[in-house]
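# Chains, contacts and geometry: an overview
Here is how the chains run, residue by residue.
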Amino acid sequence: MKAPAVSKEAPQRHDVFISYSRKDQQFVRRLEEELKARGREAWVDWEGIRPTEEFLVAIFGAIESADTFVFVLTPDSIASPVCGREIAHAAAHNKRMVPIVARDVVASAVPESLAKLNWIFCRQSDDFGAAIDLLVSALDTDLEWTHAHTRVLTRAIEWEATSKNNSFVLRGDDLRAAELWLTQAGADKERQPTPLQTTYIIASRKAAARLQRLTWGSVSLGLIIATAFAVAAYFQRQSAERQRSIATARQLSTEAGLTRDRRADALQTSVLLAAQSLRRFPSIEPIKSCAVVFGCSLCR
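Report follows, based on the coordinates.

Conventions we followed
- Residues numbered from 1 in each chain as written.
- Predicted model: local features only at pLDDT ≥ 70, side-chain atom pairs only at ≥ 80, totals over all residues.
- Heavy atoms only, no water.
- Helix = DSSP H or I, 4+ residues; strand = E, 2+ residues; numbered from the N terminus.
- Buried < 20%, exposed > 50% of the residue type's maximum accessible area, 1.4 Å probe, protein only.
- Expected span 1.5 Å × (residues − 1).
- Contact = heavy atoms within 4.5 Å.
- Axes fitted to C-alpha atoms, helices over the stretch in contact; angles between N-to-C directions.
- Parallel < 35°, antiparallel > 145°, perpendicular 65-115°, else oblique.
- Left-handed = near helix turned anticlockwise from the far one by under 90°.
- Nonpolar A, V, L, I, M, F, W, Y, C, P; charged D, E, K, R; others polar.
- Phe/Tyr/Trp six-rings, centres within 6.5 Å; stacked < 30°, edge-to-face > 60°.
- Core = buried A, V, L, I, M, F, W, Y, C linked by side-chain atoms within 4.5 Å.

## Comments concerning unusual backbone geometry
Non-glycine residue Asn94 carries a positive phi angle of around 55°. As for its placement among the helices and strands, Asn94 is situated in the loop between α4 (81-92) and β4 (96-101). Judged by relative accessible area, Asn94 falls into the partly exposed class, the value being 31%. One non-glycine residue, Asp142, lies in positive phi territory at about 50°. Looking at where Asp142 falls in the secondary structure, it is placed in the loop between α6 (128-140) and α7 (143-161). A relative accessible area of 34% means that Asp142 is categorised as partly exposed.

## Considering helix α1 (residues 25-37)
Taking 1.5 Å per residue as the helical rise, α1 with its 13 residues ought to reach 18 Å, and the 18 Å between its terminal C-alpha atoms agrees with that figure. Residues of α1 that are buried sit in contact with β1 (14-19), β2 (42-43), β3 (66-73), β4 and α6.

## Details of the packing of α1 against α6
As a packed pair, α1 and α6 sit with axes 11 Å apart at the nearest point and diverge in direction by 60°. Here α1 is positioned oblique relative to α6, judged by the angle of their axes. Both α1 and α6 take part in a crossing whose hand is right-handed. Residue-level inspection shows Phe27, Arg30, Leu31, Glu34 and Leu35 of α1 in contact with α6, the latter providing Phe128, Ile132, Leu135, Val136 and Leu139. Each residue belonging to the contact of α1 with α6 can be placed in one class, and the counts come to 8 nonpolar, no polar and 2 charged.

## Observations regarding the packing of aromatic side chains
Evaluated as defined, the whole model comprises 8 aromatic pairs. Relative to Phe128, the ring of Phe27 has its centre 6.4 Å away and its plane inclined at 85°; by these criteria the two rings are edge-to-face. Taken together, the residues span a long stretch of sequence, with Phe27 in helix α1 and Phe128 in helix α6 at a distance of 101 residues. Phe128 shares its class with Phe27; the two are buried. Between the aromatic rings of Trp119 and Phe121, the centroid separation amounts to 6.3 Å while the plane-to-plane angle is 55°, which identifies the pairing as tilted.

## Details of the packing of α7 against helix α8 (residues 172-183)
Two numbers describe how α7 lies on α8: the axes approach to 10 Å, and their chain directions differ by 120°. Taken together, α7 and α8 sit at an angle that is classed as oblique. In this structure, the crossing between α7 and α8 has a hand that is left-handed. On α8, the residues that touch Trp145, Ala148, His149, Val152 and Arg155 of α7 are Asp174, Ala178 and Trp181. Class assignment for the residues of the contact of α7 with α8 results in 5 nonpolar, 1 polar and 2 charged.

## Thoughts on the nonpolar core
Ranked by size, the top nonpolar core spans 22 residues in total, and within it Ile18, Phe27, Leu31, Leu35, Val72, Ile100 and Leu135 carry the most contacts. No other element matches the 6 residues that α6 contributes to this core. Those residues in contact with Val72 that lie beyond four places of it in its chain are Ile18, Ser19, Tyr20, Phe27, Val28, Leu31, Ser77, Ile100 and Ala102. Counting residues in each nonpolar core, the second largest holds 20 residues, with Phe69, Leu73, Met97 and Val110 among its members.

Structure (structure tokens):
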């Protein structure tokens, strides 16, 4: 069978998938209208397309995405090969199945997966309204668990169709809800997950654990790198401050040297001027000026 195209969008969910023989269309139209009037959406194939492989893929997808598989029991539906394949697909995926009798059938001819269930009788001699009441009650029974069954099943099939790609596994709240749903199955025959669903949930938990380990590893590596950068930055600051201190000391030393040079020049000039003054006009003033420059108290 050709695999269907897969997308990350979940298939549209329906309350009911109705499997029937084309010879019972009139009954099924009335059934669908009554369900719609009561707020239940049914998937029904009205086209009568030939049962090609592509057609069956669409049919099977609709069965998988419906919460309940309703089979219209008549002699014609039991004899239909297509209906037989639909029954087998629903049973293989542990779908909730509700048989509704539109015309009397031979019980021994009914497939075991339907024969063992409680039948709802909706023949011409039966009360149609009461039969629909029973059907709606069956649809609403254990609805939360059934919704979860459909959700996990469609996701699991999608995951398997993509060669079990980890991008299709359950994560976060979806995973925790699926694990809780799995634990609720218990011994109730009507609440059994398929092997694929169980495998899928376990694979999702393993993928989540691997992701958590990778996340912690990345965080740890990030902390190590951040610490290394912080230490390097600290030593760089210390080195920069040391270089600034050295530069400042060198600048002060240079300025001190320049100051000494300026004082030496001033002293030399003062001495020369004092000498010239003495040659021109001998007196005590030039000597005092020289003493002031040299800081000598003896000449003051």
